[in-house]
Structures are given as structure tokens and as C-alpha cells.
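Inside the fold
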Amino acid sequence: MVRAQILVMRPRVYPLRIIFVSHWKYIDTTKTFRLHVPPGYTSAMFTHLASRSVFIDSDRYVSDDSLGYWMAHELGHLATNSAKEEDAERAARQYRSHLMRSSR
């Protein structure tokens with residue numbers, strides 16, 4: 001499902017790895033990479049820019065639609081090569097529009 005959604009979004013930069021991990025491992029990984037989550041945000045997945053890896057908390061995976069929505073955000077981090085949430089969201093809009101057009 002993830003691969004199909006990413007192909008539809010046609011990102012400029014593809015992740016090298018997408019890793020689904022259990023919640024305890026996800027928490028451990030966020031500490032290892034010193035993930036900073038801005039106030040008002042929650043984290044069900046994150047991107048490690050240096051390795052172009054996306055980590056997904058498999059215990060918080062809700063639906064295919066939410067997976068595509070949040071994957072677009074992570075692809076936005078890769079496209080902008082930025083850890084800033086605003087930059088990722090700006091890039092994610094285009095990816096989400098590709099997803100919405102394909103679901104019609």
C-alpha cells in the first residue's frame with residue numbers, strides 16, 4: 001500500500017527505507033535520533049533526513065488514508081531537505097492532491 005501511494009504522489013526525492021516498528025521500538029528510535037516534536041504536534045512517523053529513512057509507529061497506524069496523508073508530510077521533509085514542519089506541510093499539499101485525484 002505504501003509503495004503504491006508513494007508512486008501516485010510522484011515525489012522529487014524517494015525514501016531509501018520505510019520501516020514499520022512497534023511502539024516501544026519507535027519511542028526508542030525517536031530518542032536515538034533525538035526527535036524534536038513541536039508543541040501541538042504528535043508523531044506517528046518521522047523521517048531521518050541523513051539516511052532518507054521513514055520510521056512508522058505500527059501501533060499507531062490507523063488506516064490507509066491516514067498513512068497516505070502522513071506519508072505525504074514525510075515526503076515533504078525529504079523534498080525540502082528540512083526538519084521544519086511548515087516546510088514539509090507546504091510540499092505535502094502537492095503530494096496529497098495527487099492522492100486525492102487518483103482516488104476519484
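No experiment lies behind these values; they were computed from the predicted model shown.

**Topic: the side chain of Arg 96**
One can find Arg 96 in helix 4 (residues 85–102). For Arg 96, a relative accessible area of 11% corresponds to the buried category. The contact partners of Arg 96, leaving out residues within four places of it in the chain, are Tyr 69, Ala 72, His 73 and Glu 89.

**Observations regarding the confidence of the model for the protein chain**
Summing up the model confidence of the protein chain, the mean pLDDT is 91 and the portion of residues at 70 or higher is 95%. Looking across the protein chain, the model is least confident in helix 2 (residues 23–32), with a mean pLDDT of 90, and most confident in strand 1 (residues 17–21), with 96.

**Some thoughts on the sheet that holds strand 3 (residues 53–57)**
Overall, mixed pairing links the 3 strands, which are arranged 1-3-2 in an open sheet. Sheet topology places strand 1 and strand 2 (45–48) at the edges, where each strand pairs with a single neighbour. The average undirected angle you get between the axes of adjacent strands in this sheet is 20°. Pairing of strand 1 with strand 3, which is carried by 5 bridges, proceeds in the parallel orientation. What sits directly across from Phe 20, in strand 3, is Ile 56. Running over the sheet, helix 3 (residues 64–80) touches strand 1, strand 2 and strand 3 and is turned about 20° from strand 2.

Cut-offs applied
- Residues numbered from 1 in each chain as written.
- Predicted model: local features only at pLDDT ≥ 70, side-chain atom pairs only at ≥ 80, totals over all residues.
- Heavy atoms only, no water.
- Helix = DSSP H or I, 4+ residues; strand = E, 2+ residues; numbered from the N terminus.
- Buried < 20%, exposed > 50% of the residue type's maximum accessible area, 1.4 Å probe, protein only.
- Contact = heavy atoms within 4.5 Å.
- pLDDT = per-residue confidence, 0-100.
- Pairing = 2+ DSSP bridges.
- Axes fitted to C-alpha atoms, helices over the stretch in contact; angles between N-to-C directions.

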